[in-house]
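Notes for the structure review
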Amino acid sequence: MDTQSMLKQMCKNDINDSDIKAICKSRGFPVKEATSRDVFENFFISTIGIKEVLNSLTYEEVVFLHLLNKINKKVDIEYFERLYGSARPAKGYYYGTFNQRYNETFKKVKKNLVRKGVLIIIEQEARAYISSTKLERLRFSFPVEFGEFLPPIAKASKFTQAGDFKRDVLRDKLLEIVGGEQRPSPLSNSNKRCFKLTIKDGNLSIGDDKFRASHLLKWQRACWHACVEANTGNQNGDMTPIEVTLYALSQLKEHEWLLADSLAVMLKIFTGETTDHPCKQICEVGWEWGCLEKVVVDKKAYYRLPEDSLEDMTSSSPDHYLHIEPDGTVVPDMMTIPYTTLEVLASVAILDVHDSNLRATASLTKIGNALTTVRKKSVFEWLREKSSGFRTSIGMAEKRWGKQIIHEDLMVARVKDLSLKVQIEKSYAGSQSLVSLPDDHIAFPCDLLPAIQKLVETSGHVIKKARNE
């Protein structure tokens, strides 16, 4: 059910006149709006008074609404236990009814959020043959229209000095290609294989996928996750501590930093776990693996996300990190080549390792299949200019570009029986869905197959399928 439908149901059935008056007062709607539910409905979803109301909430309530805004779905009353608690004891078993457990929770939700006009509340229709109380059927939603008015989730501090960032983590990982020594990995053997850098048949891969610079960042964060889980135990909440940390830090503005302890409330509410999380350890491990920047002020460590973990710190000119051999082979400097440049090189070249050096030779096939975005990269033009091998291959590929069209979602059939071929063509005469080709072939979209198959079978012919494995 979308927001508008929920709002309409709430205004019609699920709040009383007293609730409407309270919402009007909190949001600053004209008093007369309480007399017309249709008018009240329009006022509720407006931005009138929403910023002021949100600013009046407790920090814990703001964090919780950030969570609702992020997940963007309706929740039941149990979900609010992470915010307001419940009658259920922290340890042991509770033998009371659902209403006894969550009645006090609901009172706080209604008073602090519903009656302040920041939540939509509805009662879901009872399910057949399943007994449930009204409290169990209540659902709550935070309108996405209100999200931009939420106060900041991060209690940030502002510092202009540069932070400490371990750029060598990714670079050391890259040296795995040429047999460089690697730091001890916290990943399981299966996950190690998922991120192992290898060259096979001239192609650079990370795990089973083609090499992408962005996959290096995934490897970094996987190591961060593994370290935290190894030291604190597996997390079973809605979000992992790492995901919560990344979300909180993503909200920071320029020159803003976050004290690790500031994550405590967010970790509790976002994960739904009552245990204390080792905030400092989580952030420090993230810094050690090059996922975070750190600055120390007055003996306290503050953290933020790096501006760009894949940022090229070397000169923009490929002359500084690519060497051309006399035969046109390209030899990249693995200590300085930008990660995104290596991605481009791997997409147009055959790679191999010789004497602990990576080498790249032009691949006509790869260059011919290269996307326009790749061909527009400055390093692509540099390769054409500096390497005789790339210049020749690019020239040959350019003569062929545009002369071959590859279609997707297309089927080709060979119809040897002339009368059947004519029958099929007549059935689709004037239609652009079927095209006759030389040597008894026809081409048509895949979704046309059932109709053509039925026509062929009705005519008493047999269909044989050929597959190109």
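Below, the structure is looked at part by part. Numbering of residues begins from 1 in every chain and follows the order in which that chain's sequence is written. Whole-chain, interface and lining totals are the exception, using all residues; otherwise, since this is a predicted model, local features are given only for residues with pLDDT of at least 70 and side-chain atom pairs are given and counted only at 80 or more. Processing note: side-chain calculations cover all non-hydrogen atoms of the structure and skip hydrogens and water entirely.

Observations concerning the pairing of strand S12 (residues 349-354)
Note on strand geometry: in a regular strand, side chains alternate between the two faces of the sheet. What counts, and what does not: Should DSSP find at least two bridges between two strands, the strands are regarded as paired. The helix and strand labels rest on DSSP assignments: H or I over at least four residues marks a helix, E over at least two residues marks a strand, and numbering proceeds from the N terminus.
Two elements, S12 and strand S13 (residues 357-362), share 6 bridges in a ladder whose sense is antiparallel. Within the sheet, the bridge partner assigned to Ala-349 lies in S13 and is Ala-362. The antiparallel hairpin formed by S12 and S13 contains 2 residues in its connecting segment, where Asp-355 sits at a positive phi of about 50 degrees.

Overview of the sheet that holds strand S15 (residues 435-437)
The cut-off we apply is this: Only the contacting stretch of a helix is used when fitting its axis, a line to C-alpha atoms as for every element, and angles between N-to-C directions run 0 to 180 degrees.
Read from one edge of the open sheet, 3 strands run S14-S16-S15, paired in antiparallel fashion. On the outer flanks of this sheet lie strand S14 (410-414) and S15, each paired with one strand and no other. With direction set aside, neighbouring strand axes in the sheet form an average angle of 30 degrees. Taken together, the 5 bridges between S14 and strand S16 (residues 441-445) define a ladder with antiparallel strand orientation.

With respect to the sheet that holds strand S3 (residues 157-158)
For clarity, the threshold we go by: When checking whether two residues touch, look at their non-hydrogen atoms; a contact exists if any pair is within 4.5 Å.
Pairing within the open sheet is antiparallel, and its 4 strands lie in the order S3-S7-S9-S8. Edge positions in the open sheet fall to S3 and strand S8 (293-297), since each of these has one partner strand only. As paired elements, strand S7 (residues 256-259) and strand S9 (residues 300-304) share 2 bridges and run antiparallel to each other. Looking across to S9, one finds that Leu-258 is bridged to Tyr-303. Against the sheet, helix H14 (residues 279-288) makes contact with S8 and S9, and its axis sits at roughly 60 degrees relative to S9, the strand it touches most.

Concerning the nonpolar core
Let me state the cut-off plainly: Within this scheme, the nonpolar core is defined by two criteria: the residues are buried Ala, Val, Leu, Ile, Met, Phe, Trp, Tyr or Cys, and they are joined through side-chain atoms within 4.5 Å. Three labels apply to residues, based on accessible area from a 1.4 Å probe with only protein chains included: buried if under 20% of the type maximum, exposed if over 50%, partly exposed otherwise in between.
Within the largest apolar cluster, 120 residues are counted, with the highest numbers of intra-cluster contacts made by Leu-65, Leu-119 and Phe-140. Top element by residues in this core is helix H11 (residues 213-232). It accounts for 9 residues. The residues touching Leu-65, leaving out its near neighbours within four places in the chain, are Leu-54, Leu-57, Leu-113, Val-118, Leu-119, Phe-142 and Leu-150. One finds Leu-434, Leu-448, Leu-455 and Val-456 within the second-largest nonpolar core, a separate group that totals 11 residues.

As for helix H7 (residues 98-114)
Rule in force here: Take the residue count of a helix, subtract one, and multiply by 1.5 Å to get its expected span. Bend angle per residue: angle between axes fitted to the 7 residues ending at that residue and the 7 residues starting there.
A rise of 1.5 Å per residue sets the reference length of H7, with its 17 residues, at 24 Å; its end C-alpha atoms lie only 21 Å apart and thus fall more than 12% short of the reference. The sharpest bend along H7 reaches about 35 degrees and sits at Glu-104. The complete set of buried residues in H7 reads Phe-98, Arg-101, Tyr-102, Thr-105, Phe-106, Val-109, Asn-112, Leu-113 and Val-114. Contacts made by the buried residues of H7 are with helix H2 (17-27), helix H5 (59-71), helix H6 (81-84), strand S1 (120-123), helix H8 (134-137) and strand S2 (138-141).

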